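# Structural overview
Here are the chains, one letter per residue:
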4 protein chains.
Amino acid sequence: MDFSTDIKIRGFHIDVFGHMNNARYLELMEDARWQYIDATNFQDYLTEHNWGFAVVNINISYKRPAHNGDIITFEVNMKRMGNSSMTVDQIMKNKKTGVVIAEAEVTFVVLDLATHRPARITEEVKYAFVTPK
Amino acid sequence: MDFSTDIKIRGFHIDVFGHMNNARYLELMEDARWQYIDATNFQDYLTEHNWGFAVVNINISYKRPAHNGDIITFEVNMKRMGNSSMTVDQIMKNKKTGVVIAEAEVTFVVLDLATHRPARITEEVKYAFVTPK
Amino acid sequence: MDFSTDIKIRGFHIDVFGHMNNARYLELMEDARWQYIDATNFQDYLTEHNWGFAVVNINISYKRPAHNGDIITFEVNMKRMGNSSMTVDQIMKNKKTGVVIAEAEVTFVVLDLATHRPARITEEVKYAFVTPK
Amino acid sequence: MDFSTDIKIRGFHIDVFGHMNNARYLELMEDARWQYIDATNFQDYLTEHNWGFAVVNINISYKRPAHNGDIITFEVNMKRMGNSSMTVDQIMKNKKTGVVIAEAEVTFVVLDLATHRPARITEEVKYAFVTPK
């Protein structure tokens, strides 16, 4: 696995049905991705180039409910690095039981914030993305 | 189209990249689904049976950014009604330009809130779901 | 009253205690303030000057819980327009029963987005703020 | 200080003005309060009695903007424990610079989730609240 982090579910993540709301999964998965990037040189590389991210597709399967107080392990794995987009696999597991809560494929482009156009993902970009700090 | 509603994007929907954040799309799409249900008899039916919804899969493609002040038209179309799950197509368009902002397939089960098990989606359930109030 | 709008509470506004979460009140109150501004010339005025808002204080009293499906009337009243800050009173009422859900005083400055410094609130600014479109 | 924790600001906490949105402060302050409670016996005590929290007032002053990537230290101090409500002081500081980002007084009651009425905050309740695990 490329990266893993734990996040505890709080009362404000829960919705009227007593489980974590479907949209909150995406915020917490985004948090896990930023933590992954924090562990690499990639944020410096983004800032240098005035680049950001734009998510182009998310395919998420909700397997089991997450409840208030659950500690969830978020795994992030780089699945594919193309010339114009990248896809990461994200798996959420209940830390205590190991049960899979959700699985998602998140595909994004690297965005030039000046032109609002996708940047070409060269070998140099890929290298910066996976190089530990 | 089965249902359509307009929602205006606000400053708190935007993230650090100046566009609507990917997780917010899901909240607004959920709002549109509730508005659809408000227009049918289905909420009464749910309450009567102590049932709720559980989303099991979302496949969303982000096509164009949405900005502060944009008015977005949310279309909701029932795509498939099976015995154990239903899928709706949701399309977000910029109301002014007609440009597609995002497309999503949202699959959910009807959940028995007492047993936390999916309810069987009988012909009666399907009928309640699509009957206008 | 200067402005009033209705917003329906949805499942994702609710938290683990079965009521609207305290932070969500602020998002919906912000939405009501934007709707108020939409009804005046002030957004044009802001855009022209490259100005935005910065909230400096919120004092909110939560009086009664809001539940899924409640329609809440948001009243916005300009309370004070000083030279460097403005205060609006915001009252949330259950539309059906008239019961007060929450009351808040929201104080903000007008921010020059180039310098990130508060702009002086001249008579012209005040006039733009309250002039209906 | 009674409790302190660090939280890193992420892209989805930021709004159209490039700073953390006013409502997000309340979510992160709530997270800090739950972390405080995790460090005491109080959650067990709540669960045993079928009790929850209801916030009755928040008075928050936003002092300086928080930006993407900032690490914020959240301090939580019990200010007042009455018979029917409690007030905590919450201070947010930029961890690197020590600059105060926001200060808030949060007043809440302990809620009986069966009757939806506030519970009396006896000496035993107060003791459970402040006893480290």
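Before any of the text, the structure's been laid out above.
Residues numbered from 1 in each chain as written. Chains lettered and ligands numbered in written order. Predicted model: local features only at pLDDT ≥ 70, side-chain atom pairs only at ≥ 80, totals over all residues.

### A look at the packing of helix α1 (residues 22–38) of chain A against helix α1 (residues 22–38) of chain B
Interaxial distance between α1(A) and α1(B) falls to 8 Å at its minimum, and their mutual angle equals 180 degrees. Relative to α1(B), the element α1(A) lies roughly antiparallel. Each of A:Asn22, A:Ala23, A:Leu26, A:Glu27 and A:Glu30 in α1(A) lies in contact with α1(B), whose residues at this interface are B:Asn22, B:Ala23, B:Leu26, B:Glu27 and B:Glu30. (Axes fitted to C-alpha atoms, helices over the stretch in contact; angles between N-to-C directions. Helix = DSSP H or I, 4+ residues; strand = E, 2+ residues; numbered from the N terminus. Parallel < 35°, antiparallel > 145°, perpendicular 65-115°, else oblique. Contact = placed C-beta atoms within 7 Å.)

### Regarding the pairing of strand β2 (residues 51–62) of chain C
Note that β2(C) and strand β5 (residues 100–112) of chain C share 11 bridges and pair antiparallel. Paired with C:Ser61 across the two strands is C:Glu103, which belongs to β5(C). Pairing analysis gives five bridges linking β2(C) to strand β2 (residues 51–62) of chain D, with the strands arranged antiparallel. Among the inter-strand pairings, C:Ile60 is bridged to a residue of β2(D), identified as D:Ile58. (Pairing = 2+ DSSP bridges.)

### A closer look at the relation of the copies chain B and chain C
When chain B is fitted onto chain C, the two copies agree to an RMSD of 0.0 Å after a turn of 180 degrees and an axial shift of 0.0 Å. The transformation relating the two chain copies, once decomposed into turn and shift, fits a two-fold axis. Considering only C-alpha atoms, the residue of chain B closest to the rotation axis is B:Ile7, which sits at 5.8 Å. In this assembly the copies share their binding face: 100% of the residues contributing to the interface of chain B also contribute to that of chain C. (Least-squares fit on C-alpha atoms with pLDDT ≥ 70 in both.)

### Topic: the interface of chain B and chain C
Where the parts come together, the accessible area they lose is often given as the size of the interface. On the side of chain C, seven residues touch chain B, which itself brings seven residues to the contact. Split by residue class, the side of chain B that touches chain C holds two nonpolar, one polar and four charged. (Nonpolar A, V, L, I, M, F, W, Y, C, P; charged D, E, K, R; others polar.)

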